Every structure is written in structure tokens, then in C-alpha cells.
Amino acid sequence: MISKKMIKYVEGSSITRAMFEEGKKLAAKHGALNVYDFSLGNPSTPPPESARQAMSDIINKVNPGRLHGYMNNSGHEDVRGAVADSLNKRFGTSFSYENIIMTVGAAGGLNVILKSIIDPGDKVIAFAPYFGEYNNYVANFDGNMVVVPPDTSSFQPDIKAFEEKITKSVKAVIINTPNNPTGVVYSENTIKQIARILDNKQKEYGTQIYLISDEPYRELVYDGIEVPYITKYYKNTIICYSYSKSLSLPGERIGYLVIPGEADDYANLTCAANVANRILGFVNAPSIMQLTIARCLEETTDITVYDTNRQLLYNHLDSLGFECTRPEGAFYLWVKTPCSNDTEFADKAKEFNLLLVPGSSFMCSGYVRIAYCVDTDMIKRSFAAFEKLAAYYNL
Ligand code: PLP
């Protein structure tokens with residue numbers, strides 16, 4: 001028998017699995033070119049050639065003991081130092097290798113930091129809509145998720161609703177900007193307001209509230225928009241970064257945590273994160289990937305394809321009468337469903353071979369997410385299906 005706790009997770013995961021199976025069935029029936037799968041956030045652009053070259057170079061040239069051996073659970077010190085230097089250069093921060101912990105992607109980083117700070121019953125706040133896995137990660141450590149409802153006029157966090165949700169048992173707040181699923185970048189004003197409220201609440205309750213900034217999409221921004229660097233606004237910030245999207249390496253599992261020196265309980269926190277990396281069973285982030293990213297710190301995948309896709313899809317759906325949030329970053333388009341039931345809408349879309357994810361998977365019903373990290377050709381081919389969908393809803 002599997003554990004009672006796992007039964008819940010297994011039931012939840014079957015929704016994604018069902019969508020994947022559905023896609024395969026539709027492709028077998030109608031032909032792969034006639035099915036428009038916008039469900040997965042899997043990068044469609046290849047990693048930069050320099051990243052692949054670095055991997056092969058490292059295999060051939062790096063001393064096997066260094067490449068293949070165990071190491072400090074926080075990662076290679078020189079790689080952590082190189083990450084710190086690069087952040088300092090880009091954002092004017094003053095991190096050293098001691099502030100950086102290499103992780104198994106953002107998913108690994110989030111679990112490491114949550115394990116480090118959450119006691120059973122502690123609360124973690126997130127702003128809807130958000131990446132549904134946060135619920136599972138918080139449940140891993142018997143924390144309780146508190147959801148701030150969305151401000152649907154902008155999909156910036158609803159600051160007043162946020163303030164009302166903070167109680168003495170809130171230990172952490174998770175933000176994600178550029179955001180999955182809306183593509184919105186939180187403005188500097190939003191960040192300043194979140195920081196001000198957290199500072200005040202910490203003083204009022206005499207507690208620490210960590211602001212966990214989940215940043216897999218930091219480099220995926222359009223029209224020159226700036227993503228504020230969060231540690232500059234609030235001292236109890238922890239950055240959770242990933243190369244999955246910025247270097248198109250999601251299968252390689254590499255990212256890092258930044259724990260700034262000014263964070264409350266810094267010394268214990270870095271120690272706890274080091275131990276959590278070990279005892280969650282990661283032990284350390286993959287060595288070859290640590291050495292690889294150290295050679296590609298200033299690089300990103302080519303995001304011009306995402307930008308083309310973003311404009312094509314946004315303009316077409318907007319012209320058809322769908323209410324879309326204009327994405328500023330990431331590779332998702334967030335669309336209001338013309339009927340109130342988003343699952344019913346996604347089911348109807350499926351009849352036209354369009355696979356979209358209902359907003360309720362992101363704690364925000366009445367919307368769907370369209371992942372446009374796909375071939376531009378598929379987007380163009382899908383237009384006729386979107387036209388039929390719009391016609392069905394009399395848009
Ligand atoms: N956080 C968000 C918002 C994501 O969208 C994802 C993946 O899609 C992750 C975290 C996990 O990313 P990683 O591959 O770095 O574990």
C-alpha cells in the first residue's frame with residue numbers, strides 16, 4: 001500500500017497524465033500536424049551551442065575526480081563564486097560563494113528552502129494564479145498554503161488582499177515573476193509594496209517572513225522590460241533560480257539558491273539549506289551541469305522565436321475577440337474563457353484539437369494558459385482551430 005499522503009499526490013498527477021495521453025490519442029486519430037498541443041512549458045528552442053560545447057569539453061578535459069566525485073553539498077565553490085560574481089556585475093549586489101547553493105533546478109531549490117524553514121502548520125502565501133506544484137512542495141513539509149486571490153484587472157498581486165492574509169504563522173511568501181501562467185512581470189512598485197508590508201508585519205509580530213522569489217523565467221522578457229532584483233528591496237529574500245528555461249536545459253536539472261548575508265538567521269539558514277540538499281536525497285546538484293553553467297553565465301537561449309510566437313498568438317486571439325493578458329515575459333498567454341467554466345472551455349477546445357490548460361490548475365478559474373514554447377508553424381496552423389472555437393462562443 002502506498003502512504004495516505006501519497007494517494008492525494010497520485011490522484012492530482014493523473015490530470016497532467018490524462019492530458020498527455022489525450023494528446024497522443026488525438027495525434028494518432030488526426031495526425032500529429034493537426035493537433036495543437038499548447039499544454040507544456042517545455043522550451044522549444046535548443047540550448048546555446050556554447051552550453052553543449054562546454055559539456056563535451058568538460059567531459060574530455062576536466063579531471064575525473066573533480067568532475068565525477070562527491071563535493072560540498074552546496075556545490076563546487078568556484079562555480080558558486082562565479083555565479084555570485086556574475087550576479088554582482090549584473091545587479092550591483094555583493095554576494096560571495098557562501099551566499100549561493102547549487103540546486104537540482106528551481107523545483108529542487110524550492111523544496112530545499114521550504115524544508116529549511118517550514119514547521120508543520122506554518123503558512124506559506126502565494127498569489128493566484130501560480131504554478132500548481134507550490135501546493136505539493138508546501139505539503140511535502142506539512143505547511144499550509146494560503147492563496148491570495150488575483151487582481152484580474154492587471155494580474156499584479158492584490159496588495160490589500162495580501163496584507164489581510166498575513167498572520168503570525170506565515171513563514172514564507174512565494175512570488176514568481178515573470179509569471180507562470182500569466183506572463184506578467186511584477187512592477188517595481190508591486191515589489192516595493194510587498195516589501196513594505198512584510199517589513200511592517202515582521203515588526204508587528206516579531207517573526208521572520210521569508211520572501212521566496214522563484215525565477216526560472218527571469219531572462220525571458222520582451223520589449224526591454226526590467227525585472228527588479230528582489231534582494232535589493234527586502235532583506236529576507238531568497239532567490240530560487242533555474243537554467244531550465246534560460247538555457248533550455250530542463251532535463252539537466254540545474255539552478256541555485258541565493259541566501260543574502262543580511263537575511264535573518266543567515267548562518268543557520270545556509271547550513272540548513274546545505275543539509276536539506278543532502279537529506280532530501282539530491283546530495284548535490286549534478287557536477288557536469290554546475291561546471292557547464294559556470295562557462296555560460298552571460299548566455300541565454302535565443303528568445304526571438306518566443307517573441308515571434310507571443311506576438312502572433314496574442315494578435316490573432318485578440319483580433320478574434322478573446323480577452324488576453326499581454327505577456328511581458330515567460331512563454332505563456334493567459335486568456336479569459338468566454339464561459340465561466342474553464343474546464344468546460346478546455347474540453348471544447350480539445351474538440352478542435354487545441355490542448356490548453358484550465359486556469360483552475362493555477363488556482364484561478366475562468367482562464368486558460370496557452371504555452372507558446374512551440375514551433376511557430378504550429379501556431380500558424382492552429383489559427384483555423386481558434387477561429388472555430390471563437391465562432392462556437394459567438395465572439
Ligand atoms: N517554478 C515555475 C514557476 C515553473 O514554471 C517551473 C517549471 O516549469 C519550475 C518552478 C520548476 O523548474 P525547474 O525545471 O527549474 O525545476
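Data block above holds the structure.
Residues numbered from 1 in each chain as written. Predicted model: local features only at pLDDT ≥ 70, side-chain atom pairs only at ≥ 80, totals over all residues. Heavy atoms only, no water.

S.K.: Honestly, the sheet that holds strand S6 (residues 210–215) in this entry has me stumped. Any pointers?
M.R.: Hydrogen bonds along the backbone pair up the strands of a sheet, which may run parallel or antiparallel. The sheet built from 7 strands is open, its strands ordered S2-S8-S7-S6-S5-S3-S4 with mixed pairing. Only two strands of the sheet have a single neighbouring strand rather than two, namely strand S2 (100–103) and strand S4 (144–148). For this sheet the average axis-to-axis angle between neighbouring strands, irrespective of direction, equals 20°. Direction of pairing for S2 relative to strand S8 (residues 255–258): antiparallel, over a ladder of 4 bridges. From the neighbouring strand, methionine 102 faces S8, where its bridge partner is tyrosine 256. Contacting strand S3 (123–127), S4, strand S5 (170–175) and S6, helix H6 (residues 133–140) crosses the sheet at an angle of about 150° to S4. (Pairing = 2+ DSSP bridges. Helix = DSSP H or I, 4+ residues; strand = E, 2+ residues; numbered from the N terminus. Axes fitted to C-alpha atoms, helices over the stretch in contact; angles between N-to-C directions. Contact = heavy atoms within 4.5 Å.)

S.K.: Where do I start with the sheet that holds strand S10 (residues 332–336) in this structure?
M.R.: The strand order across the open sheet formed by 4 strands is S9-S10-S13-S12, and the pairing between neighbours is antiparallel. Each having just a single partner strand, strand S9 (324–325) and strand S12 (357–358) make up the two edges of the open sheet. Bridging between S12 and strand S13 (residues 367–371) involves 2 bridges; their strand directions are antiparallel. Across the sheet, residue proline 358 finds its bridge partner in S13, namely valine 368.

S.K.: Where do I start with the pairing of S8 in this structure?
M.R.: Looking along a regular strand, one sees side chains alternate from face to face of the sheet. Where burial is concerned, the two faces of S8 agree: the one with Gly255 and Leu257 and the one with Tyr256 and Val258 are both buried. Pairing geometry for strand S7 (residues 237–242) and S8, over 4 bridges, is antiparallel. Its bridge partner being in S8, cysteine 240 is matched across the sheet by leucine 257. (Buried < 20%, exposed > 50% of the residue type's maximum accessible area, 1.4 Å probe, protein only.)

S.K.: Could you clarify how one ought to interpret unusual backbone geometry in this entry?
M.R.: For residues besides glycine, phi is generally negative; the peptide bonds are generally trans as well. Looking along the chain, the bond that leaves alanine 128 and enters proline 129 is cis, with omega of -5°. Looking at where proline 129 falls in the secondary structure, it is placed in the loop between S3 and H6. Between asparagine 180 and proline 181 the backbone carries a cis peptide bond, its omega angle lying at 25°. Relative to the helices and strands, proline 181 is located in the loop between S5 and helix H8 (188–205). Even without glycine at this site, aspartate 142 takes up a positive phi of about 60°. Following the sequence through the fold, aspartate 142 ends up in the loop between H6 and S4.

S.K.: In this structure, what is going on with a nonpolar patch on the surface? I would like to understand it.
M.R.: Residues Met1, Ile2, Met6, Ile7 and Val10 make up a contiguous nonpolar surface patch of about 540 Å² in total accessible area. The residue methionine 6 is located in helix H1 (residues 4–30) in this model. Note on methionine 6: relative accessible area 39%, which makes it partly exposed. (Patch = residues over 30% accessible without salt bridge, like charges linked within 9 Å, V, L, I, M, F, W, Y side chains within 5 Å. Areas by Shrake-Rupley, 256 points an atom, 1.4 Å probe, with all protein chains shown as cover. Salt bridge = Lys/Arg side-chain N within 4 Å of Asp/Glu carboxyl O.)

S.K.: Hey, could you run me through the site of the ligand in this one?
M.R.: If you check the shell around the ligand, you find 14 residues, and the closest are Ala106, Asp214, Tyr217, Ser242 and Arg253. Between an oxygen atom of the ligand and a side-chain N or O atom of asparagine 180, the distance comes to 2.8 Å. Here the element with the most residues in the shell around the ligand is helix H5 (residues 105–117); it accounts for 3 residues. Of the residues assigned to the shell around the ligand, the class counts are 6 nonpolar, 5 polar and 3 charged. (Near = heavy atom within 4 Å. Polar contact = N/O pair within 3.5 Å; in protein donor to acceptor, adjacent residues only side chain to side chain. Nonpolar A, V, L, I, M, F, W, Y, C, P; charged D, E, K, R; others polar.)

S.K.: Honestly, helix H2 (residues 49–61) in this entry has me stumped. Any pointers?
M.R.: Residue pairs three or four apart in sequence face the same way in an α-helix, which turns once every 3.6 residues. Compared with an ideal rise of 1.5 Å per residue, which puts 13 residues at 18 Å, H2 spans 18 Å between its outermost C-alpha atoms and is within 8% of the ideal. Buried within H2 we find Ala51, Ala54, Met55 and Ile58. Along the long axis of H2, the arc covered by the buried residues comes to 100°, so they all point the same way. Seen from the open side of H2, the exposed residues pointing more than 90 degrees away from its buried face are Glu49, Asn60 and Lys61. Against helix H3 (64–68) and helix H10 (287–294) lie the buried residues of H2. (Expected span 1.5 Å × (residues − 1). Arc of directions from axis to C-beta.)

S.K.: Hey, could you run me through the nonpolar core in this one?
M.R.: Taken as a class, soluble globular proteins show a tendency for nonpolar side chains to be buried jointly. Judged by nonpolar contacts, the single largest core of 58 residues is most densely connected at Val83 and Phe162. Judged by nonpolar contacts, the second largest core, of 37 residues, contains Cys324, Phe331, Ala349 and Ile370. (Core = buried A, V, L, I, M, F, W, Y, C linked by side-chain atoms within 4.5 Å.)

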